[in-house]
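# Inside the fold
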Amino acid sequence: MLEISAVKCGVPTTRIVDVFDATGILCAPFEVLLYNSVQEVIGEDGNVVETIIPDPAGLVRAVAFHRALHPQKLDGDDLKFLRSALDLKATALAKKMGVSPEHLSRLESGAKTLQPQSEQQLRTLTVALACTSTKAKDATLAEFSKHLMGIFDDIKPCRLIDDAPLLIALHREKIDGCDMDTEGLWDETAQVA
Amino acid sequence: MAANEAFETEFLREFANTYVSQITYAGGTWSDIDKIQDQGFLVGLADVLYVLKTGSVTTSEKRDSDGAFWEVEGMTCHDDNLVIRTQVWCDCYKVRVLNVAILGEKYA
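Read on for an overview of the structure. (Residues numbered from 1 in each chain as written. Chains lettered and ligands numbered in written order. Predicted model: local features only at pLDDT ≥ 70, side-chain atom pairs only at ≥ 80, totals over all residues. Heavy atoms only, no water.)

## Side note on the interface of chain A and chain B
The partner chain B presents 30 residues to the 31 residues of chain A that form the contact. Here chain A meets chain B over a buried area of about 2600 Å², counting both sides, of which 59% is carbon and sulfur. Along the contact surface separating chain A from chain B lie three salt bridges. Note that Asp-87 of chain A is salt-bridged to Lys-53 of chain B, the shortest N-O span being 2.9 Å. If you look at where chain A meets chain B, you find twelve residue pairs in polar contact (both at pLDDT 80 or more). Counting only elements with at least two residues in the side of chain A that touches chain B, the list comes to α1 (2-9), α2 (23-26), β5 (48-52), α3 (56-69), α4 (76-85) and α9 (180-183) of chain A. In terms of residue count, the dominant contributor to the side of chain A that touches chain B is β5 of chain A (five residues). Class assignment of the residues belonging to the side of chain A that touches chain B gives a composition of 17 nonpolar, four polar and ten charged. The pairing of β5 of chain A with strand β1 (residues 23-26) of chain B spans two bridges and is classified as antiparallel. Across the sheet, residue Thr-51 of chain A finds its bridge partner in β1 of chain B, namely Tyr-25 of chain B. (Contact = heavy atoms within 4.5 Å. Buried area = accessible area lost by both parts, 1.4 Å probe. Salt bridge = Lys/Arg side-chain N within 4 Å of Asp/Glu carboxyl O. Polar contact = N/O pair within 3.5 Å; in protein donor to acceptor, adjacent residues only side chain to side chain. Helix = DSSP H or I, 4+ residues; strand = E, 2+ residues; numbered from the N terminus. Nonpolar A, V, L, I, M, F, W, Y, C, P; charged D, E, K, R; others polar. Pairing = 2+ DSSP bridges.)

## Things to note about the pairing of strand β4 (residues 39-42) of chain A
Residue and element names in this part refer to chain A. In β4, alternate side chains face the same way, and those of Gln-39 and Val-41 on one face and Glu-40 and Ile-42 on the other are all buried. In this sheet, β4 lies alongside strand β1 (residues 13-16) in antiparallel orientation, the contact comprising four bridges. Within the sheet, the bridge partner assigned to Thr-13 lies in β4 and is Ile-42. Where β4 meets β5, four bridges bridge the pair, whose relative direction is antiparallel. Looking at β5, one finds that Ile-42 is bridged to Val-48. Linkage of β4 to β5, two consecutive antiparallel strands, is achieved through a turn of five residues, within which Gly-46 is found at a positive phi near 85 degrees. (Buried < 20%, exposed > 50% of the residue type's maximum accessible area, 1.4 Å probe, protein only.)

Take a look at the structure:
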């Protein structure tokens, strides 16, 4: 990509963004910050001509994964985000959760609230799909659950945690000997500055 | 669908499934997404990737030094119609997303 930019804009400069706010681009109902992972290509005029997000599909899955493991109760916007992140049509997700598409629509609109059992099913499904390849999408929830027994035992969904807005902070974890752009992993950033 | 468009669609779908880390985004892409969200039409990175993986190339324009410009039409998993404008270099397997728009809207 850099050689292409060089043709159009002269010698490009690149920079790693200290903190990239990905909330808007992910359409997430909570804050998502990416630390030292996103690269920007700067043109001669000083404007950003290109944004390089390593493994965007992996990022979407990682955010969904960490949201599913966060105890704050899932609301309709969270449900919409998770469905989008899992690439699931409403009918497919409704079937996996054992609810009607109409009920799922009411849940997403906020007209209805997720029952604890449905919420746990959704969290289980999200973690399972976020950890597996897209080929696993046809697996049933029961099949996923066999491998995820106990993972949510310590998570007690609650509406608010100290009234703080939900924030998910991630960074690109380098795997030794691998290209960080293509073979790294999105991991949670424990210390948020 | 013309033969070349079928090939381009197949290429893009395979690309989006296999070489996802090589998809980059032009500087203004996020402001376009924000604009769409302001209109109450929610679209995010997952939707863009979904349309690239499942949509179809509807128009293409070859530019020798800059690869080709393809427009991809598709639906998000929330059944919203999207058009995504991309710049593609088939020889080096790179795709840059230039613009995301609601179907039927003219590009800025």
